[in-house]
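Coordinate analysis (summary)
Each chain, written out:
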Amino acid sequence: MEKNFFKTASLGIQHVLAMYAGAVIVPIIVGGALGLTGEQLTYLVSIDILMCGIATLLQVWKNKFFGIGLPVVLGCTFTAVAPMIAIGGEHGISGIYGSILVSGLIVVLISSFFAKLVKYFPPVVTGSVVTIIGITLIPVAMNNAAGGEGSADFASPTNIALAFGTLLFILVLYRFARGFLRSIAILIGLLVGTAIAAFMGMVDFTAVTEASWFHMPKPFYFGPPTFEITAIITMTLVAIISLVESSGVYFALSDITKRDISEKDLARGYRAEGLAIILGGLFNSFPYTTFSQNVGLIQMSGVKKNSVIFTAGGMLVFIGLVPKIGAFTTVIPTAVLGGAMIAMFGMVIASGIKMLSKIDFGSQENLLIVACSVGMGLGVTTVPSIFANLPESIHILTSNGIVIGSVTAIVLNIIFHIVPKRKTVAAVVEGQQAS
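Residues numbered from 1 in each chain as written. Predicted model: local features only at pLDDT ≥ 70, side-chain atom pairs only at ≥ 80, totals over all residues. Heavy atoms only, no water.

Going by what an unreviewed UniProt entry lists, the chain is known as Purine permease and is assigned to Robertmurraya kyonggiensis. Turning to the chain, the UniProt annotation filed under Subcellular location (unreviewed entry) states: "Cell membrane". Its UniProt record gives the chain the following Sequence similarities (unreviewed entry) comment, quoted word for word: "Belongs to the nucleobase:cation symporter-2 (NCS2) (TC 2.A.40) family." (UniProt positions renumbered as here; feature names shortened; annotations may be inferred.)

In structure tokens, the structure reads:
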């Protein structure tokens, strides 16, 4: 019994470590972009980890209303980073949380309906969207690698050395390490980079010493939410894209665990995700989605029990209640984060390309969908002012590369693939009726 307990606990810790770097980078990027204080950033990181745990528990706990019941770990989605920064710049932090709340409610309401629509999001759409997400995030990584946009030592040799030294260390670890050590290479890279920066006198531990040992989550910590229609549309699109990504993880886990999932299971999974997003809005955290890195860990360890994920979820909740732990994350130098981000966001692009490898590139329609959606996403990211003269109400949609690229992929897929199929089916039916 004791042996099983320690085995489950050690496997749970592995899952926490595998997802930790990906989970904390989102609040650090968004909080930094919004100019939060050290105390606010510590709260944001801690509450994010706490909500990752709660979101994971909601998903693993299968019941009549929510939870897919597969060993899935949830974390804040990278897809939301750029849109949240854009909304924060336009409508303030209250606009971010108002849009998260409503988008979560919409996900809960459409969950059963969306389970029937998954077939309309083939690899040509999901692959294009994930590729766009990675491409649009790379500028954030490069700015951080230089020390953070607007910093006094931007692009200094020290920052460049720290950033690319961290990246090199991660790559060396990936090349020579095996097993679990390899799966947490980014986390180890962040720790080593921070340790080196500390020896250079570049790490300020004030946030750690000032942070408390325990706190309780506070609803609307950053103030009451405000509801802006364009921000809500943006975050709803982000949530739908996350559902599509999650679907891929559900099917992958279904295959690994040899458990069949039905349309109702998918709906329960989407509903759990919607509830997690609502909680994120209430407690000033983030939208949540499935983390694919933990799927790789399940495949690697061969342990597919839900009890391990329940343990990991409980650990995340505990860590989130101790701000002192979250504060350690906030002292990581921006340049070190930037180096790790290049690898992480680059892997997002690679994942998108991997998805696209499943499509038929002999089809001119597929080529056009990929070309136009990625072109629009990258184009708007590099030249965000191209639609500056459009009405302000839709400017936030057109100024975000992820959103406009995703919409382009979805619309073109409907035009090139769904509408022609319906016409073909209708023609066949008419022919049969005529004969």
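The helix and strand inventory of the chain stands at 17 helices and two strands. Taking all 435 residues of the chain together, the buried fraction comes to 54%. Across the chain, the fraction of contacts at a sequence separation of at least 24, relative to all contacts at a separation of at least 6, is 83%. Counting only carbon and sulfur atoms, one obtains 68% of the accessible surface of the chain, whose full area is about 19000 Å². (Helix = DSSP H or I, 4+ residues; strand = E, 2+ residues; numbered from the N terminus. Buried < 20%, exposed > 50% of the residue type's maximum accessible area, 1.4 Å probe, protein only. Contact = heavy atoms within 4.5 Å. Areas by Shrake-Rupley, 256 points an atom, 1.4 Å probe, with all protein chains shown as cover.)

So, on to the pattern of salt bridges. The full count for this structure, using the stated rule, is three salt bridges. Residue D265 pairs with R268 through a salt bridge whose shortest N-O separation is 2.5 Å. One end of the pair, D265, and the other, R268, are both in helix α10 (residues 263-282), three residues apart, so they sit about a helical turn from each other. When sorted by exposure, D265 lands in the same class as R268, which is buried. In the salt-bridge network here, residues are joined through shared partners; they are K62, D265 and R268. (Salt bridge = Lys/Arg side-chain N within 4 Å of Asp/Glu carboxyl O.)

Under the definition given, this model contains eight aromatic pairs. Taking the centre distance of 5.4 Å and the plane angle of 80° together, the rings of F114 and Y270 count as edge-to-face. Of this pair, F114 sits in helix α3 (residues 81-117) while Y270 sits in helix α10, and the two are 156 residues apart along the sequence. On the basis of relative accessible area, Y270 is assigned to the buried category, the value being 0%. Seen from the ring of F176, R175 lies directly overhead, with NZ or CZ sitting 4.8 Å from the centre. Positioned above the aromatic ring of F65 is the side chain of R271, whose terminal nitrogen or guanidinium carbon lies 5.1 Å from the ring centre. (Phe/Tyr/Trp six-rings, centres within 6.5 Å; stacked < 30°, edge-to-face > 60°. Lys NZ or Arg CZ within 6 Å of the ring centre and 35° of its normal.)

It is worth spelling out the state of the cysteines at this point. This structure, assessed with the given rule, holds zero disulfides. The closest cysteine sulfur to the non-disulfide-bonded C76 is located on C52, 4.9 Å from its own sulfur. (Disulfide = S-S within 2.5 Å.)

Quick look at helix α7 (residues 185-199) now. The end-to-end C-alpha separation of α7 is 21 Å, in line with the 21 Å expected for 15 residues at 1.5 Å each. Taken together, the buried positions of α7 are A185, I186, L187, I188, G189, L190, G193, T194 and A197. A positive backbone phi angle near 75° is found at G201, which sits one or two residues after α7. (Expected span 1.5 Å × (residues − 1).)

This part takes up the nonpolar core. M84 and Y288 are the most contacted members of the largest nonpolar core, which has 118 residues in total. Residues contacting M84, with those up to four places away along its chain left out, are V26, V30, I96, I100, M235, F286 and P287. (Core = buried A, V, L, I, M, F, W, Y, C linked by side-chain atoms within 4.5 Å.)

So, on to a nonpolar patch on the surface. A cluster of nonpolar residues, M142, I160 and F164, forms a patch on the protein surface that exposes about 240 Å² of accessible area. Take M142: its relative accessible area is 41%, and that puts it in the partly exposed class. (Patch = residues over 30% accessible without salt bridge, like charges linked within 9 Å, V, L, I, M, F, W, Y side chains within 5 Å.)

Turning our eyes to something else, we now look at the packing of α7 against helix α14 (residues 334-356). Following both chains from N to C, one finds α7 and α14 inclined at 160°, their axes separated by 9 Å at the closest point. Classed by the angle they form, the pair α7 and α14 counts as roughly antiparallel. For the pair α7 and α14, the sense of crossing is right-handed. Facing I186, L190, G193 and T194 of α7, the residues of α14 in contact are V336, L337, A340 and M344. Tallied by class, residues from the contact of α7 with α14 come to six nonpolar, two polar and no charged. (Axes fitted to C-alpha atoms, helices over the stretch in contact; angles between N-to-C directions. Parallel < 35°, antiparallel > 145°, perpendicular 65-115°, else oblique. Left-handed = near helix turned anticlockwise from the far one by under 90°. Nonpolar A, V, L, I, M, F, W, Y, C, P; charged D, E, K, R; others polar.)

Turning next to the side chain of Q59. Along the chain, Q59 falls in helix α2 (residues 38-60). Taking relative accessible area as the criterion, Q59 reaches 0% and is therefore assigned buried. Here Y250 takes part through its side chain, which lies 3.0 Å from a polar atom of the side chain of Q59. Ignoring sequence-local partners within four residues, the contact set of Q59 consists of G67, I68, G69, V72, L74, Y250, R268, G269, A272 and E273. (Polar contact = N/O pair within 3.5 Å; in protein donor to acceptor, adjacent residues only side chain to side chain.)

An ideal rise of 1.5 Å per residue puts 33 Å on 23 residues; α14 measures up with 32 Å between its terminal C-alpha atoms. When the local axis directions of α14 are compared, the greatest deviation, roughly 30°, occurs at M341. (Bend = angle between axes of the 7 residues up to and from the residue.)

Here we come to the side chain of T166. Considering the arrangement of structural elements, one finds T166 in helix α5 (residues 157-176). Overall, T166 belongs to the buried group, its relative accessible area being 3%. Those residues in contact with T166 that lie beyond four places of it in its chain are G189, G193, V336 and A340.

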